[in-house]
Structures are given as structure tokens and as C-alpha cells.
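# Topology and contacts: notes
One-letter residues, chain by chain:
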Amino acid sequence: TFRTSFNTDINYSNSMYFNPTYDWGSNARNVNATLSNFVGMGTYWNLNELLEYNREFGQHTVGVMVSHESQESKWQNLSARRSGYLTNNIFDINAGAAPGTNGGGSGNWGMESYLGRLNYNYDSRYIVTGTLRRDGSSNFGPEKRWGTFPSISAAWRIAQEEFFQVPLISELKLRIETGLTGNQG
């Protein structure tokens, strides 16, 4: 079976918050109007191709999966805040008194991944799985852009054995696994 998928997320945010001057008595008064603006945008996309093969040979079941995944994200934002507006009718950041506060940032990352998995199952009782994942990331250090993450597991479905006759337990499995994990930091 071969499947491919493409996903994306595109977002844009533009917000303005104005706190006007007002005087509603001694307990409800604001004598310094403030305006805050924020603009942000970001994109993310993910492309995945997956190939699977499963086959039964009597009491033996074998499954193989290989996959490739590519993804990228970019974002940027800008914010500004001013106070000291002379009127409540002008909503322009430049009309506020200096100095104000400004901020912003941007970033991006990309990742390329190759994955493989091999499953073996004997008589729905004994299961062995091995996986290998290789990731290349822009967030990894420049001297080590790629990481390799293997894992292996074995399981025994005790509930499938003839000697296991416990009516209150429908599934009992003993599983052991080991492997390496990582993250983009």
C-alpha cells in the first residue's frame, strides 16, 4: 500500500488594543491612553510518503513499512505599544508619545526524515519489531545535522497461550523495548 499526504497551515494575525482615557469618578479613572498593535504570520507544511507491505505465511506475519517525511515552518511577528495619546479618536501607533516599546522576531526550521519498520508476528503470540529513523534538522548543530534513532521491541501475548485461563483478564502481554529518542531542541 502506498499513501502520500500533504498538509499545510497558514496563519495571519493582526490585532489592536486601545485603552482610552476616561473619568467616571475617583475609582474609575484612566488619564493615560495606550495603544498596542500586533502583526504576526506563519506557515507550516508537511509532505509524507508511506509504503507498507504485509504478508501472512501460515502462522507467520511479516510487515514492512518505509516512509519519507519533509516539513518546514516559518514565522515572524512585530509588536508596538505607545501611550500618551492626546485624544481617544486617533488609533495610530505614531500618534503616541515616545518612547514606546517595540518587539518582534522571526524564525524558521526544516526537517527531513526517513523511517523504516519491520514487524514479525508468530501465531499472534510472539512479536518482534525493529525501527530505524534518520532525521536531518536545521535545529541540530551545524556539525551534526543528522541523527539516527533505532529501536527494537519484543512482546509475548501470554493471554494467547493455552495454559492461560483467567476469565477476568482478556489480554495480558509482556513487552520489552529499547531505543534512542531525540528532539530538535
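It should be emphasised that the depicted structure is a prediction, and the values quoted were computed from it without experimental measurement. (Residues numbered from 1 in each chain as written. Predicted model: local features only at pLDDT ≥ 70, side-chain atom pairs only at ≥ 80, totals over all residues. Heavy atoms only, no water.)

## A word on the packing of aromatic side chains
Put simply, the rule reads: Here a Phe, Tyr or Trp ring, Trp counted by its six-membered ring, pairs with any other such ring whose centre lies within 6.5 Å, and the pair is stacked when the planes are under 30 degrees apart, edge-to-face when over 60, and tilted otherwise. Each helix is a run of H or I in the DSSP string that is no shorter than four residues. Each strand is a run of E no shorter than two, and both are numbered from the N terminus. Using a 1.4 Å probe on the protein chains alone, a residue whose accessible area is under 20% of its type maximum counts as buried, one over 50% counts as exposed, and one in between counts as partly exposed.
This structure, assessed with the given rule, holds eight aromatic pairs. Ring centres of F18 and Y85 lie 5.9 Å apart, and the angle between their planes is 80°; this geometry places the pair in the edge-to-face category. Remark: Y85 occurs in the loop between strand 5 (60-83) and strand 6 (97-122) and F18 occurs in strand 1 (residues 2-19); sequence separation between them is 67 residues. According to the relative accessible area criterion, F18 is buried, its value standing at 15%. Arranged with centres 6.3 Å apart and planes meeting at 25°, the rings of Y114 and W146 form a pair that is stacked. One end of the pair, Y114, is in strand 6; the other, W146, is in strand 8 (residues 146-157), with 32 residues separating them in the sequence. Look at W146 and you get partly exposed, because its relative accessible area is 34%. Taken together, the aromatic side chains of F18, Y85 and F91 make up a single cluster linked through ring pairs.

## Section: the environment of I93
The topology assignment puts I93 in the loop between strand 5 and strand 6. With a relative accessible area of 18%, I93 lands in the buried category. Sequence spacing of I93 and L35 is 58 residues, and the spatial spacing of their C-alpha atoms is 6.6 Å.

## What about the sheet that holds strand 7 (residues 126-137)?
Cut-off, in case you're wondering: Strand pairing is assigned whenever DSSP identifies at least 2 bridges connecting the two strands. The axes used here are C-alpha line fits, helices contributing only the stretch in contact, and every angle between their N-to-C directions lies in the interval 0 to 180 degrees.
Taken together, seven strands build an open sheet; the order of strands is 1-4-5-6-7-8-9 and the sheet is antiparallel. One side of each edge strand has no neighbouring strand; the edge strands of this open sheet are strand 1 and strand 9 (173-179). In this sheet, neighbouring strand axes are inclined to one another by 15° on average, regardless of whether the strands run parallel or antiparallel. Bridge count between strand 6 and strand 7: twelve bridges; the pairing is antiparallel. Among the inter-strand pairings, S113 is bridged to a residue of strand 7, identified as D135.

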